[in-house]
Structure formats: C-alpha cells, structure tokens
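Tertiary structure, described
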Amino acid sequence: MAFLSDISFSDNPQVGMVSNFSELVETEFQGTVNALCWPRNLRGNFEEIVSKIQLKDNITEISADDLLALELSDEGNFAREIILNDLQYLTDFGALPSLNLLKCYERDEELDFFATDVYSYHVDRSPIGTDTFLCTYYGTASDIIPNDEVTQKILVPEIREKLKELHDGPEAEFEDFLKDCFFDLHYQPNPGAQPTNLGTGHLWRLAVDHPDQKVLPCVHRAPLENEGQYRLLLIC
C-alpha cells in the first residue's frame, strides 16, 4: 500500500501523515494536528462487495463472516482481504470496529434552526480517552474542517436566543441543557472556510473530546450520499 502523490491534505496543518497502522495509533496529536491519516492506494473491487450485500435497513452492519460468505472475483477478493485486515488491526488494538453499508443516516428535523445529526459539522465526545477511526472504501467520504474556521453554533447569537426559548428551566441550568442535548457539539463553517474531504481508502484517526485530550477535537461531518449509491464505511 503506497503513498499517493497527489493527496491534497498532505500539507494541511490540521492533518498528520503516517506510513503504517502502528504509526497511526502511536503518534500523538499535538498543536493544530487533530487528524492523522494513513494514506493508501487500495487495490480491489469494493463496488463488487457493495453490490453483493443485501441492505437490510438504511444502515446494515456487516460481519467478517458476512464478508467471507461472499463469492467474489479476484479483484473483489483483494478488497475483502483489505477490509478483513483493517478489522483485525483495529480489533487487536482494542477497538470495536464496525463495517457498515450505508444508504443514509437518520436526519434530525425536529428543530428547523438546529440539526444535531451527523450531517452537521460536529465533534465526538467520550468520558474516557479514545479516538475515532474511519475509512470509506466506497461511496462519498466524510469532511473535516479546521477548528479556527468554524463557530460553535451555541455561540451564534440568533441560535442561542432560540435555544433559550426552547429551554424550559432556570437560566443557571442552561449550559447543562445545551450539553445534555448535545447542542454544544455542533459547529457552523465561517465564511471562506475550507473543509478537507477524507477521500476513499485512507484510514483516519480523529481526535475526540475527552478529559485527557491535549488538542481540540476534530470537527467533521458525514457527507450527503450520491443518489443511488451506497457507502461502505469502517468506523469505530
């Protein structure tokens, strides 16, 4: 698996580049770097795998046994071996990877002025030290964006006023309300912001908001899917 010569994010100050899985999990986030990338030019027909899996819902989790049960061409088999290896890498590391075939995520349409679904720019939060790993093998890929190019939505005056109207409780409990409802995890791009698309085949590690984190958490979002095209995504 070789480095790609034309990766546009290789000079992005938000992104650190590594050359193998060990470096991906062992390299520390520091400074402005809150996303690490193991860039890969993957051989194999991942579309063939997608075409042979039965979508059971908008999101279908695929097990290693499900993959092994597929009858595939040589190129499809190359793709399957890569996925199985990635699952094993992460499992051996102690993570709980999930391979998903995605038609779409559930949309949050309860509030017309504030969506809290994964299509909104957001950060992940955990009570313990952890990171988010992801790789898109097929379909549209997620975006990340520098922290200094976004504004936390709860700090936008007009949004904050609407949230205060929504809050049914003492003003002293307003901040807790924002956190309990996950409003504080969401961001909006500033004018001129330049997101970075994570591309296909690359294995990423993104910084999560937790008590021991030394850098700002990585702001990211799920992409809008292409019409009629599923996504094949590994995430944990």
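Scroll up to find the structure.
We now turn to the structure provided with this report. (Residues numbered from 1 in each chain as written. Predicted model: local features only at pLDDT ≥ 70, side-chain atom pairs only at ≥ 80, totals over all residues. Heavy atoms only, no water.)

A word on the state of the cysteines. In the structure shown here, the tally under the stated rule is 0 disulfides. Cys135 takes part in no disulfide bond, and the closest cysteine sulfur to it belongs to Cys37, at a distance of 9.3 Å. (Disulfide = S-S within 2.5 Å.)

In this section: unusual backbone geometry. A negative phi angle is the norm for most residues apart from glycine, just as the trans form is the norm for most peptide bonds. In this model, Phe182 sits at a positive phi of 65°, which is unusual for a non-glycine residue. Along the chain, Phe182 falls in the loop between α6 (174-180) and β8 (187-189). (Helix = DSSP H or I, 4+ residues; strand = E, 2+ residues; numbered from the N terminus.)

Turning our eyes to something else, we now look at the layout of surface pockets. Approximately 450 Å³ is the volume found for the largest pocket. In terms of lining residues, the largest pocket is bounded by 22 residues, among which Asp124, Thr132, Phe133, Ile235 and Cys236 are the most central. Looking at the lining of the largest pocket, the elements that each hand over two or more residues are β5 (131-138), β11 (219-221) and β12 (231-235). When grouped by side-chain class, the residues that make up the lining of the largest pocket number 12 nonpolar, 6 polar and 4 charged. Space inside the second largest pocket adds up to approximately 270 Å³. As for the second largest pocket, its lining consists of 13 residues, of which Asp108, Thr116, Cys181, Phe182 and Phe183 are closest to the centre. Partitioned by chemical class, the residues of the lining of the second largest pocket number 8 nonpolar, 3 polar and 2 charged. (1 Å grid on protein atoms, 1.4 Å probe; cavity = no way out; pocket = protein on both sides within 12 Å on 5 of 7 lines; lining within 4 Å. Points joined across faces, edges and corners; volume = space filled by probe spheres on them. Nonpolar A, V, L, I, M, F, W, Y, C, P; charged D, E, K, R; others polar.)

Counting across every chain of the model gives 9 aromatic pairs. With centroids separated by 6.1 Å and ring planes inclined at 65°, the aromatic side chains of Trp38 and Tyr89 adopt a geometry described as edge-to-face. A residue pair is termed long-range when its members are at least 10 positions apart, and Trp38 in strand β2 (residues 35-38) and Tyr89 in helix α4 (residues 74-93) qualify at 51 residues. You can call Trp38 buried: its relative accessible area is 6%. Between the aromatic rings of Tyr105 and Tyr119, the centroid separation amounts to 6.1 Å while the plane-to-plane angle is 75°, which identifies the pairing as edge-to-face. Residue Tyr105 is found in the loop between β4 (98-102) and β5, and its partner Tyr119 is found in the loop between β4 and β5; the two are separated by 14 residues along the sequence. With respect to class, Tyr105 is no different from Tyr119; both count as buried. Following the ring pairs from residue to residue traces out a cluster consisting of Phe21, Trp38, Tyr89, Phe93 and Phe133. In this arrangement the basic side chain of Arg40 is found over the ring face of Trp38, its NZ or CZ atom lying 4.8 Å from the centre. (Phe/Tyr/Trp six-rings, centres within 6.5 Å; stacked < 30°, edge-to-face > 60°. Buried < 20%, exposed > 50% of the residue type's maximum accessible area, 1.4 Å probe, protein only. Lys NZ or Arg CZ within 6 Å of the ring centre and 35° of its normal.)

Attention shifts here to the nonpolar core. In this structure, Ile49, Ile83, Tyr137 and Leu232 are the most contacted members of the largest nonpolar core, which totals 36 residues. Elements with a minimum of two residues in this core: α1 (21-26), β2, α2 (46-51), α4, β4, β5, β10 (203-207) and β12. Sorting elements by how many residues they give to this core places α4 first, with 6 residues. If near-sequence neighbours (up to four positions away) are discounted, Leu232 is found in contact with Phe46, Ile49, Val50, Ile62, Ile83, Leu99, Asn100, Cys135, Thr136, Tyr137 and Tyr138. (Core = buried A, V, L, I, M, F, W, Y, C linked by side-chain atoms within 4.5 Å. Contact = heavy atoms within 4.5 Å.)

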